[in-house]
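# Topology and contacts: notes
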Amino acid sequence: MLAKTHIVAGVTAATVVAVVMHHPLSPAVLISGGLAGLAPDLDHPQALMTRKIPGASLIAGAAQQSGLIRHRGILHSVVFLWLTGWIGWRALTTAMSHG
């Protein structure tokens, strides 16, 4: 999948969860969803998010070469999407309430 497809999937998942949980659809929810959508490709050295985080591309490449992780492995699970979405949502809502 391309980065834009990952973002759309993350935003869609965040929207569904917000509606089901009767949570207001805020910018924090949508941004968290988009970022969580990009997170599954953190295991790929050339992925958008991996290239933007200093050192992440190097770590992802080394982890793949060592066999520690493989592309489209655990990071492509629904559980990982939920986990990264929740972490991102908590970080964004905390930052927005303090700033």
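Here the structure is shown first, and the text comes after it.
So, here's what we can say about the structure.

Criteria and thresholds
Residues numbered from 1 in each chain as written. Predicted model: local features only at pLDDT ≥ 70, side-chain atom pairs only at ≥ 80, totals over all residues. Heavy atoms only, no water. Buried < 20%, exposed > 50% of the residue type's maximum accessible area, 1.4 Å probe, protein only. Helix = DSSP H or I, 4+ residues; strand = E, 2+ residues; numbered from the N terminus. Arc of directions from axis to C-beta. Contact = heavy atoms within 4.5 Å.

### Overview of helix 4 (residues 56-66)
For helix 4, every residue scored as buried is listed here: A56, A60, G61 and A63. Down the axis of helix 4, the buried side of the element spans an arc of 165°, and every buried residue falls inside it. Residues of helix 4 that are exposed and point more than 90 degrees away from the buried face comprise L58, Q65 and S66. On its buried face, helix 4 sits against helix 3 (48-52).

### Considering unusual backbone geometry
Notably, H22 is not glycine yet its phi reads approximately 55°, a positive angle. Secondary-structure assignment places H22 in the loop between helix 1 (3-20) and helix 2 (27-38). H22 sits in the exposed class, given a relative accessible area of 75%.

### Considering the side chain of S32
Along the chain, S32 turns up in helix 2. On the accessibility criterion, S32 (3% relative accessible area) is buried. If near-sequence neighbours (up to four positions away) are discounted, S32 is found in contact with G85, G88, W89 and L92.

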